[in-house]
Amino acid sequence: MVEHAFARAWNTVAAQAPDNVAVVCGDRRLTYGELHERATRLANCFHAHGLEPGDKVAIELVNGPEYLEVFYAALLAGCVPVNVNYRYVGEELAYLLDNSDARALVFHDDFAPTVAEAINALSPERRPALLLRVDHVADQTAVPGEQAYEDAIAAATSTAPAHEPIGDDLIFIYTGGTTGAPKAVMWRNADLYRALWQMARPGTEPPDVADTLARGRRAATVLPACPLMHGTGLFIALSTLSGGGKVVLIDSQRLDAERTWHEVEREEVQALTIVGDAFARPLLDVLDGQRDAFDLSRLRAITSSGVTWSPECKRALMAHLPGVTMIDSLGASEGVMTRNVAKSGSDVAAASFALSERIAVIADDGTLVSPGDDRVGLLGVTGPIPVGYYKDQAKTDATFRTVNGVRYSIPGDYATVGTDATITLLGRGSACINTGGEKVYPEEVELLLRSHPAVADCVVLGVPDERWGEMVVAVVELRAPVGETDLHDHCRRATAGYKVPKRFLMVESLHRSPAGKADYRALRAVAAQQLEQTH
């Protein structure tokens, strides 16, 4: 079996099709040849500053060519690219730099104050040896020891680095989950490469990109509307470049829905990647208001992962985009699993997934849940999966487990299996609410609540309660006025009484992250405050 490596594939595309466009961001366009040269120079810069194969390169950047340049350069140097959530405050960034053993940090000018705070919080021996600043603006916060990114690239040589990219080279994906400190998921290049290919083509192996290009074929033009700092956006970009396709980026810290549709039209984007309703609804609102303003005829698919994508949103998007396939991807940083496809004319329901040779549901006693046996278990995926968590053997042992001689990644999603072998997702165990002895899985209730026409978005969570242990509460962002009684009745008509939120707390915005994630800690504080005021 060929040991695939991302940088090796990208080198091949640069050699065979150097003039093909690789990355577009606003007015900036990089061909594969240009991307290769800049990444090569940056890799040599890393080596010139003492970085060696296996050293970690942290990336604190918004979506833009620089993100992929740094990622590519790290792999060319044999180093490990490390994603950084650019919403972190100084203390959180200091933790990640220390935990990852980062030897280099590349950061955008906007984050200089946070970087300065983090660097000052670290002891001298734990600080990165190289700090590169992108888009430096005069009179902004200075970071001790920083260098200008473009100057560093210009000063470095363009000779090929000594390291040859291999399948064993690691990639770190830091994931915060819902509890505890962020942990780095360690992926081998070869495993992630294969897993991303097999997401859409189970049971097959990735082709040699040289053969693909020789046949005159290349990957699609894609636009990750979500940040590259999270797996959903990064994974589609890696896959696209590995097939010689074009990645279109928008250098904004938050979704700009109107600009997204303009870029889809301008660059003739074929696949748009989003994160559930948090992205789909704003995009839909723009189409509702000005559908005729965009030529979206080249768009073929919208792919979502990470957050629930409701049937209502899918149907509404299909009405505007009748030829576009809607794809739900099932997976996490800890394991790329499978996907569900919905097309115009089909019955659009909540996404369902099926048992397979790679996908299983594992009960508490360690046995596999069979179709229709009514047990709740944890979703697991086998095949190409991560090595484990960096510097956390206990969490590695808990998440990556062997069942019946097969090693599974079990990120923590609860599920049941129907008589037809269909998997019903219930949500993350860490977010599960125990109310009066009954378990409530928030995603199930959120999906129901979002089907109300007045609800723009919602998060369901448990708050401490003397009577119930935890009380089910919904924090709701509205698109039209509605009362708690109406929302209660809407839920009660479709689900058991113990699952229905006992309170519906209205907020102007849920303030989701750029990746569409909810800040559960902040929302619990909001809920506690509102409940206290109404007592």
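Note that this is a predicted model, so its numbers are computed, not measured.

Definitions and limits used
- Residues numbered from 1 in each chain as written.
- Predicted model: local features only at pLDDT ≥ 70, side-chain atom pairs only at ≥ 80, totals over all residues.
- Heavy atoms only, no water.
- Helix = DSSP H or I, 4+ residues; strand = E, 2+ residues; numbered from the N terminus.
- Rg over C-alpha atoms; globule rule 2.2 N^0.38 Å.
- Buried < 20%, exposed > 50% of the residue type's maximum accessible area, 1.4 Å probe, protein only.
- Contact = heavy atoms within 4.5 Å.
- Lys, Arg positive; Asp, Glu negative; His and termini not counted.
- Charge placed at Lys NZ, Arg CZ, Asp CG, Glu CD.
- Phe/Tyr/Trp six-rings, centres within 6.5 Å; stacked < 30°, edge-to-face > 60°.
- Lys NZ or Arg CZ within 6 Å of the ring centre and 35° of its normal.
- Salt bridge = Lys/Arg side-chain N within 4 Å of Asp/Glu carboxyl O.
- Pairing = 2+ DSSP bridges.
- Axes fitted to C-alpha atoms, helices over the stretch in contact; angles between N-to-C directions.
- Right-handed = clockwise from strand over helix to strand, strands pointing away.
- Core = buried A, V, L, I, M, F, W, Y, C linked by side-chain atoms within 4.5 Å.
- Parallel < 35°, antiparallel > 145°, perpendicular 65-115°, else oblique.
- Nonpolar A, V, L, I, M, F, W, Y, C, P; charged D, E, K, R; others polar.

Caption draft 1: Geometry of the overall build of the protein chain. When its secondary structure is counted, the protein chain shows 16 helices and 28 strands. Taking 24 Å as the expected radius of gyration for a compact globule of 535 residues, we find that the protein chain reaches 23 Å, a close match to that expectation. In terms of overall dimensions, the protein chain has a C-alpha envelope of 65 × 55 × 55 Å along the principal axes. When each of the 535 residues of the protein chain is scored for burial, the buried share is 56%. Of the contacts formed within the protein chain by residues at least 6 apart in sequence, a portion of 68% connects residues at least 24 apart. Of the side chains in the protein chain, 50 bear a positive and 70 a negative charge, and the two mean positions are spaced by 4 Å.

Caption draft 2: Up close: the packing of aromatic side chains. Evaluated as defined, the whole model comprises seven aromatic pairs. Considering the side-chain rings of Phe 6 and Trp 10, the 6.1 Å spacing of their centres and the 45° angle between planes classify their relative orientation as tilted. On the criterion of helical spacing, the pair formed by Phe 6 and Trp 10 is a turn pair, its members being four residues apart in helix H1 (residues 6-16). By the burial criterion, Phe 6 is buried, and Trp 10 matches it. Measuring from ring centre to ring centre gives 5.4 Å for Tyr 86 and Phe 111, while their planes differ by 5°; the resulting arrangement is stacked. Within this pair, whereas Tyr 86 is found in the loop between strand S4 (80-83) and helix H4 (90-100), its partner Phe 111 is found in the loop between strand S5 (102-108) and helix H5 (112-121), the two being separated by 25 residues in sequence. With respect to class, Tyr 86 is no different from Phe 111; both count as buried. Through successive ring pairs, a cluster of aromatic residues spans Phe 6, Trp 10, Phe 71, Tyr 72 and Tyr 193. The side chain of Arg 201 reaches across the aromatic face of Trp 197, ending 3.7 Å from its centre. Sitting over the face of the ring of Tyr 389, Lys 395 holds its NZ or CZ atom 5.0 Å from the ring centroid.

Caption draft 3: How the structure looks around the pattern of salt bridges. Inspection of every chain in the model, using the stated rule, returns 32 salt bridges. The salt bridge involving Arg 38 is made with Glu 150; its shortest N-O contact spans 2.8 Å. Taken as a pair, Arg 38 in helix H2 (residues 32-48) and Glu 150 in helix H6 (residues 149-155) lie far apart in primary sequence, 112 residues in all. Classification of Glu 150 as partly exposed rests on a relative accessible area of 41%.

Caption draft 4: Examining the sheet that holds strand S27 (residues 469-478) more closely. The strand order across the open sheet formed by three strands is S26-S27-S28, and the pairing between neighbours is mixed. Looking at the sheet topology across the chains shown, the edges are occupied by strand S26 (455-465) and strand S28 (503-507). If you compare each strand with its neighbour and ignore which way they point, the axes differ by 30° on average. Pairing analysis gives 10 bridges linking S26 to S27, with the strands arranged antiparallel. Along S27, the bridge assignment pairs Val 455 with Leu 478. Across the sheet, helix H14 (residues 442-450) touches S26, S27 and S28, and the angle it forms with S26 is around 145°.

Caption draft 5: Molecular detail of the pairing of strand S11 (residues 246-249). Of the two faces of S11, the one lined by Lys 246 and Val 248 and the one lined by Val 247 and Leu 249 are each fully buried. As defined by bridge partners, strand S10 (residues 221-224) adjoins S11 across two bridges and the pair is classed as parallel. In the sheet register, Val 222 faces S11, and the bridge partner there is Val 247. Read from S10 through helix H9 (residues 231-242) to S11, the crossover connection turns out right-handed.

Caption draft 6: The arrangement of the nonpolar core in detail. Ranked by size, the top nonpolar core spans 82 residues in total, and within it Phe 6, Trp 10, Leu 42, Phe 46, Val 70 and Leu 192 carry the most contacts. Considering each element in turn, this core owes the most residues, nine residues, to helix H3 (residues 65-76). Excluding residues within four positions of it along the chain, Phe 46 makes contact with Leu 51, Val 57, Val 70, Ala 73, Ala 74, Ala 77, Leu 130 and Leu 132. Residues Leu 272, Val 286, Met 318 and Leu 321 belong to the second largest nonpolar core, which totals 33 residues.

Caption draft 7: Structural detail: the packing of helix H7 (residues 189-200) against H9. In contact at an axis separation of 10 Å, H7 and H9 are set at 90° when each is read in the N-to-C sense. Taken together, the axes of H7 and H9 lie roughly perpendicular to each other. Listed contacts from H9 to Leu 192, Tyr 193 and Leu 196 of H7 are Phe 235, Leu 238, Ser 239 and Ser 242. Of the residues in the contact of H7 with H9, the class split is five nonpolar, two polar and no charged.

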